[in-house]
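Tertiary structure, described
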Amino acid sequence: MEIKPIRTDDQYKAALSEIESLMAAGPDTPEGEKLDVMVALIEAYEVRHFPMDLPDPVEAIKFEMERKGLTAKDLEPMIGKRNRVYEILNHKRSLTLKMIWKLHEGLGIPAESLIKPAQAQT
């Protein structure tokens, strides 16, 4: 098995094609091991060349609310009274450190996503 680092877009595309051909490989087989190594190389290349920006904190909260079927009332223990919840969800008020911690603990949202300054609504 000859595997080299991915340094160019052409090598990246070739590695993606290689992975496609290995997707049916079983675990603990030479093909399965090659698949594991190729996936790790591609992930490293993507982290360097296609970094993902953290989501807007409010969008992260709304995403978790939708995913978990929560309402504004469900956020009251983490944010405060319902009017405060709506102020946060409508970008009228910023999250406090205490809110960030409670949302992180209660909803499992990464704290880094909640700390990022919210995008201003225009």
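See the structure printed just above.
What this report covers is the structure whose coordinates are included nearby. (Residues numbered from 1 in each chain as written. Predicted model: local features only at pLDDT ≥ 70, side-chain atom pairs only at ≥ 80, totals over all residues. Heavy atoms only, no water.)

**Description of the overall build of the chain**
From N to C terminus, the chain includes seven helices and zero strands. In sequence order, the chain lays out its α and β elements as α-α-α-α-α-α-α. At 21 Å, the chain has a C-alpha radius of gyration far larger than the 14 Å of a compact globule built from 122 residues. Along the three orthogonal principal directions, the C-alpha set of the chain runs to about 60 × 30 × 20 Å. Partitioning the intrachain contacts of the chain with sequence separation of at least 6 by distance along the chain shows that 57% fall at a separation of at least 24. Accessible area for the chain stands at about 8,700 Å²; split by element, carbon and sulfur atoms hold 54% of it. Placing the 17 positive and 21 negative side-chain charges of the chain at their respective mean positions leaves the two points 13 Å apart. (Helix = DSSP H or I, 4+ residues; strand = E, 2+ residues; numbered from the N terminus. Rg over C-alpha atoms; globule rule 2.2 N^0.38 Å. Contact = heavy atoms within 4.5 Å. Areas by Shrake-Rupley, 256 points an atom, 1.4 Å probe, with all protein chains shown as cover. Lys, Arg positive; Asp, Glu negative; His and termini not counted. Charge placed at Lys NZ, Arg CZ, Asp CG, Glu CD.)

**Some remarks on helix α1 (residues 9-22)**
Between its first and last C-alpha atoms α1 spans 20 Å; for 14 residues at 1.5 Å apiece the expected length is 20 Å, and the two agree. Taken together, the buried positions of α1 are Tyr 12, Ala 15, Ile 19 and Leu 22. One side of α1 carries all its buried residues, which in axial view fall inside an arc of 80°. Of the residues in α1, the exposed ones pointing more than 90 degrees away from the buried face are Asp 10, Lys 13, Glu 20 and Ser 21. For α1, the elements touching its buried residues are α2 (30-49). (Expected span 1.5 Å × (residues − 1). Buried < 20%, exposed > 50% of the residue type's maximum accessible area, 1.4 Å probe, protein only. Arc of directions from axis to C-beta.)

**Re the packing of aromatic side chains**
The description of an aromatic ring pair rests on the distance of the ring centres and on the angle between the ring planes. Evaluated as defined, the whole model comprises three aromatic pairs. Consider the rings of Tyr 12 and Tyr 45, whose centres lie 4.8 Å apart with planes at 20°: the pair is stacked. Note that Tyr 12 is positioned in helix α1 and Tyr 45 in helix α2, a separation of 33 residues in sequence. With respect to class, Tyr 12 is no different from Tyr 45; both count as buried. Look at Tyr 12 and Phe 50: their rings are 5.6 Å apart centre to centre, the planes differ by 50°, and that puts the pair in the tilted class. Placement of the pair is Tyr 12 in helix α1 and Phe 50 in the loop between α2 and α3 (57-68), with a sequence separation of 38 residues. On the basis of relative accessibility, which here comes to 12%, the residue Tyr 12 falls in the buried class. Overall, the relative accessible area of 43% leaves Phe 50 in the partly exposed class. (Phe/Tyr/Trp six-rings, centres within 6.5 Å; stacked < 30°, edge-to-face > 60°.)

**Some details on the pattern of salt bridges**
Under the definition given, this model contains six salt bridges. With its nearest N and O atoms 2.9 Å apart, the salt bridge here joins Lys 34 to Glu 18. Here Lys 34, found in helix α2, pairs with Glu 18, found in helix α1; they are 16 residues apart in sequence, far enough to count as distant. Salt-bridge contacts for Glu 87 lead to Arg 93; the nearest nitrogen and oxygen are separated by 2.7 Å. By relative accessible area, Glu 87 is classed as partly exposed at 25%. (Salt bridge = Lys/Arg side-chain N within 4 Å of Asp/Glu carboxyl O.)

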